[in-house]
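Listed below are the residues making up each chain.
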Amino acid sequence: DVKVTQSSRYLVKRTGEKVFLECVQDMDHENMFWYRQDPGLGLRLIYFSYDVKMKEKGDIPEGYSVSREKKERFSLILESASTNQTSMYLCASSLLGHYSNQPQHFGDGTRLSIL
Amino acid sequence: QQQVKQSPQSLIVQKGGISIINCAYENTAFDYFPWYQQFPGKGPALLIAIRPDVSEKKEGRFTISFNKSAKQFSLHIMDSQPGDSATYFCAARGETSGSRLTFGEGTQLTVNP
C-alpha cells in the first residue's frame with residue numbers, strides 16, 4: 001500500500017513565523033502535490049513537483065514556497081505565516097504517466113492554525 | 001477560479017436510498033474525471049473514475065454518469081449505507097496538464113440509519 005506521511009496532524013504557529021510542513025511518500029512516485037482544503041472551496045492546488053528540484057505553481061501559490069531535494073520528500077514553506085493561511089493542508093503523490101490515469105494518494109493532512 | 005462546480009454542498013439521505021452528487025465543468029479539454037471519497041480525519045482516496053468516451057461506469061453500488069454534450073457528470077450511490085457518510089469530491093484533468101487535477105467544492109454526505 002502507498003503511504004503518504006505528513007509530519008504533523010496539528011500545528012499552531014504565530015503570525016510572521018516561517019512554517020515548514022513536511023511530506024514523505026514511500027512508493028517512489030515522481031509527482032507530489034500540496035493542497036489546502038477549506039470548507040466550501042474544495043481542494044485547491046498550491047504547488048506540485050514532477051521530479052527532484054522541479055516545481056510548478058498551482059492555483060494559489062502566493063505566500064508559499066516548496067522544496068523537493070529528494071524524490072520521496074516534498075516540503076511546503078510558509079515564508080511569513082498569516083492568519084488567512086489557517087487551513088487543512090494535504091499532501092499527495094502519484095506516479096508519472098498521463099495516459100495511465102494514475103490516482104493521487106493523499107496523506108491524512110496537517111491542520112495548521114496561525115494565531 | 002473554480003473550473004469544476006459541484007452540488008449540493010451537503011446531502012442527507014436515508015439508509016437504502018440513492019445519493020446523487022452533480023458536477024459541471026467548462027473546459028472541453030478535460031479528459032479524465034475521478035471521484036474521491038474522504039472520511040473524517042483522513043485524506044481523500046480515489047473512489048471511481050471515468051473517461052469521456054463512455055457515458056457510464058459502475059463499480060458495485062457506485063456509478064458515474066457522464067454527459068459530454070452538457071459538460072456534466074454525476075455520482076450515484078445506490079442503496080446508501082451509513083458507512084458511505086463522507087465528503088465526496090469530483091475532479092477533472094486537462095489533456096495537457098499531466099497529472100494535475102482540478103477539484104470541485106466537495107459534498108458532505110450523511111446517510112441516516
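Residues numbered from 1 in each chain as written. Chains lettered and ligands numbered in written order. Predicted model: local features only at pLDDT ≥ 70, side-chain atom pairs only at ≥ 80, totals over all residues. Heavy atoms only, no water.

> Can you help me understand the overall build of chain A in this one?
A count of helical and extended segments in chain A gives zero helices and 11 strands. Reading the secondary structure of chain A in the N-to-C direction produces β-β-β-β-β-β-β-β-β-β-β. For 115 residues, the compact-globule estimate of 2.2 N^0.38 gives 13 Å, and the C-alpha radius of gyration of chain A, at 13 Å, lies within 12% of that figure. Counting contacts in chain A only where the partners sit at least 6 residues apart, residues at least 24 apart contribute 56% of the total. (Helix = DSSP H or I, 4+ residues; strand = E, 2+ residues; numbered from the N terminus. Rg over C-alpha atoms; globule rule 2.2 N^0.38 Å. Contact = heavy atoms within 4.5 Å.)

> Explain the overall build of chain B here, please?
Within chain B, the secondary structure is distributed over zero helices and 11 strands. Secondary structure elements in chain B, listed N-terminal to C-terminal, are β-β-β-β-β-β-β-β-β-β-β. Over its C-alpha atoms chain B spans a radius of gyration of 13 Å, differing by no more than 12% from the 13 Å that the globule rule assigns to 113 residues. When its C-alpha atoms are laid out on the principal axes, chain B stretches across 45 × 30 × 20 Å.

> Teacher, can you tell me more about the nonpolar core here?
As a rule of thumb, nonpolar side chains are buried together in soluble globular proteins. Residues and elements named next belong to chain B. The biggest cluster of nonpolar side chains holds 24 residues, and the ones touching the most others in it are Phe 33, Trp 35, Phe 73, Leu 75 and Tyr 88. Those elements giving two or more residues to this core turn out to be strand 2 (10-14), strand 3 (19-25), strand 4 (30-38), strand 5 (45-50), strand 7 (62-67), strand 8 (72-77), strand 9 (86-94) and strand 11 (107-112). Considering each element in turn, this core owes the most residues, four residues, to strand 9. Contacts of Phe 33, omitting those with residues within four sequence positions, involve Tyr 25, Ile 48, Ala 49, Ile 50, Pro 52, Ile 64, Phe 66, Phe 73, Ala 91 and Ala 92. (Core = buried A, V, L, I, M, F, W, Y, C linked by side-chain atoms within 4.5 Å. Buried < 20%, exposed > 50% of the residue type's maximum accessible area, 1.4 Å probe, protein only.)

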